[in-house]
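A closer look at the structure
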Amino acid sequence: GENVEQHPSTLSVQEGDSAVIKCTYSDSASNYFPWYKQELGKGPQLIIDIRSNVGEKKDQRIAVTLNKTAKHFSLHITETQPEDSAVYFCAASRTDSWGKLQFGAGTQVVVTP
Amino acid sequence: SQTIHQWPATLVQPVGSPLSLECTVEGTSNPNLYWYRQAAGRGLQLLFYSVGIGQISSEVPQNLSASRPQDRQFILSSKKLLLSDSGFYLCAWSVLGANYGYTFGSGTRLTVV
C-alpha cells in the first residue's frame, strides 16, 4: 500500500518568512495530493490540492509543487503570519482506492512574531 | 452546500462502558464516509470507511465497530471501552467513487478513564 512520509515534524519560522513542508510517497499510481491544515482542537481543513497532471498550483500565499518522477510534493507558504500556526498534513490517494487518503504524520508549524 | 455534523464534541467514559459516536452529512447523496482516530495530537489513523449503506470496511483491527444505517449517517461504536481507545475521533466524507479530498467533521475528544 501507499506510504507517505512528511518532513519536518516541527517547523519554526519568523513572521514574514517562508515555510516549506516536504512529502514523499511510495505508490507511483497515486494521482491526487491534498494538503490539510488542522488548528488546535478542530478537524483538518483542506487548503490546497494538486493532481498528477499538474506540476504546480498556487492560491494566494500557498503553493504546492509535485515531482512525479521523484515521487515527492511540497507545500510552500510565503509571507507567513501568526494565523498560519497549525499542524499541516499531506496526503496521497489513487483513483481506484475508494477515495481513501494516506496521510503523512503531520508538521507542527509555529510562526513567531 | 454540504455540511458534516459530528457529536458529541467531548466525552469522558469509564473503562468497560459502551460507546456510540454519530456523524451525519447534509447536502449530498451517496458519500464515501470515513472514521479516523488521532492520538497524541498528530497522526491520522483510518479506522473504517463506507461506500454505501451497510457496507463497512475495517482498516485496522480494533475494539471498535462502525455502521451505516442510512445513506448519510455513520456511527462508531464499542461494546466495552479500553483506556487505549482515548483519542480524537474524526468523521469525514468525500464524493462517492471519486478521487477528491475529504471534508472533516469537528471531531469528538474521547477520554476513557
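As shown above, the structure is provided for reference.
The text that follows walks through the structure, step by step, so that each part is easy to find. Not measured: the values here are computed from a predicted model.

**Examining the interface of chain B and chain A**
Contacts between the two partners involve 21 residues from chain B, matched on the other side by 25 residues from chain A. Carbon and sulfur atoms supply 53% of the area buried between chain B and chain A, which totals about 1,800 Å² over both sides. It is Arg-42, Asn-99 and Tyr-102 of chain B that lose the most area in chain B upon contact with chain A, and together they represent 37% of the buried surface on that side. Across the chain B-chain A interface, the total number found is 1 salt bridge. Note that Glu-59 of chain B is salt-bridged to Lys-100 of chain A, the shortest N-O span being 3.3 Å. Connecting chain B to chain A are 6 residue pairs in polar contact (both at pLDDT 80 or more). At the level of secondary structure, the elements contributing two or more residues to the side of chain B that touches chain A comprise strand 4 (32-38), strand 5 (44-52) and strand 9 (87-94) of chain B. A class-by-class count of the residues in the side of chain B that touches chain A yields 12 nonpolar, 7 polar and 2 charged.

**Observations regarding the pairing of strand 9 of chain B**
All names here are of chain B. The buried count for strand 9 comes to 8 of 8 residues, which makes it a mostly enclosed element. When strand 4 meets strand 9, the two strands line up antiparallel, connected through 7 bridges. By the bridge assignment for strand 9, Arg-37 is matched with Tyr-89. As defined by bridge partners, strand 9 adjoins strand 11 (residues 108-112) across 3 bridges and the pair is classed as antiparallel. If you follow Gly-87 over to strand 11, its bridge partner there is Leu-110. Relative to strand 10 (residues 103-104), strand 9 runs antiparallel, the two sharing 2 bridges. Considered in strand 10, the bridge of Trp-93 is made with Thr-103.

**Quick look at the nonpolar core**
Membership of the largest hydrophobic core comes to 23 residues, with the highest contact counts inside it found for Ile-21, Tyr-25, Phe-33, Trp-35, Phe-73, Leu-75 and Tyr-88 of chain A. Of all elements in the fold, only strand 2 (10-14), strand 3 (19-25), strand 4 (32-38), strand 5 (45-51), strand 7 (62-67), strand 8 (72-77), strand 9 (86-92) and strand 11 (107-112) of chain A reach the threshold of two or more residues within this core. When near neighbours in sequence (up to four residues on either side) are disregarded, Leu-75 of chain A contacts Ala-19, Val-20, Ile-21, Trp-35, Ile-47, Ile-48, Ile-62, Ala-63 and Tyr-88 of chain A. Among the nonpolar cores identified, the runner-up in size contains 20 residues, and Trp-35, Phe-48, Phe-74 and Val-112 of chain B belong to it.

**Some words on unusual backbone geometry**
A negative phi angle characterises most non-glycine residues, just as the trans form characterises most peptide bonds. For the bond running from His-7 of chain A to Pro-8 of chain A, omega is -5 degrees, close enough to zero to count as cis. Residue placement: Pro-8 of chain A occurs in the loop between strand 1 (4-7) and strand 2. A cis amide bond links Trp-7 of chain B to the next residue, Pro-8 of chain B, at an omega of 0 degrees. Located in the positive-phi region is Lys-71 of chain A, a residue other than glycine, with phi close to 60 degrees. In this fold, Lys-71 of chain A is placed in the loop between strand 7 and strand 8.

**Concerning the packing of aromatic side chains**
This structure, assessed with the given rule, holds 15 aromatic pairs over all chains. Consider the rings of Tyr-36 of chain A and Phe-104 of chain B, whose centres lie 5.6 Å apart with planes at 85 degrees: the pair is edge-to-face. Separated into two different chains, Tyr-36 of chain A in strand 4 and Phe-104 of chain B in strand 10 make up a pair that spans both. Overall, Tyr-36 of chain A belongs to the buried group, its relative accessible area being 0%. Judged by its relative accessible area of 8%, Phe-104 of chain B falls in the buried class. Seen in terms of ring centroids, Phe-89 of chain A and Phe-103 of chain A are 6.3 Å apart; in terms of plane orientation they differ by 85 degrees. Their pairing is edge-to-face.

Cut-offs and rules
Residues numbered from 1 in each chain as written. Chains lettered and ligands numbered in written order. Predicted model: local features only at pLDDT ≥ 70, side-chain atom pairs only at ≥ 80, totals over all residues. Heavy atoms only, no water. Contact = heavy atoms within 4.5 Å. Buried area = accessible area lost by both parts, 1.4 Å probe. Salt bridge = Lys/Arg side-chain N within 4 Å of Asp/Glu carboxyl O. Polar contact = N/O pair within 3.5 Å; in protein donor to acceptor, adjacent residues only side chain to side chain. Helix = DSSP H or I, 4+ residues; strand = E, 2+ residues; numbered from the N terminus. Nonpolar A, V, L, I, M, F, W, Y, C, P; charged D, E, K, R; others polar. Buried < 20%, exposed > 50% of the residue type's maximum accessible area, 1.4 Å probe, protein only. Pairing = 2+ DSSP bridges. Core = buried A, V, L, I, M, F, W, Y, C linked by side-chain atoms within 4.5 Å. Phe/Tyr/Trp six-rings, centres within 6.5 Å; stacked < 30°, edge-to-face > 60°.

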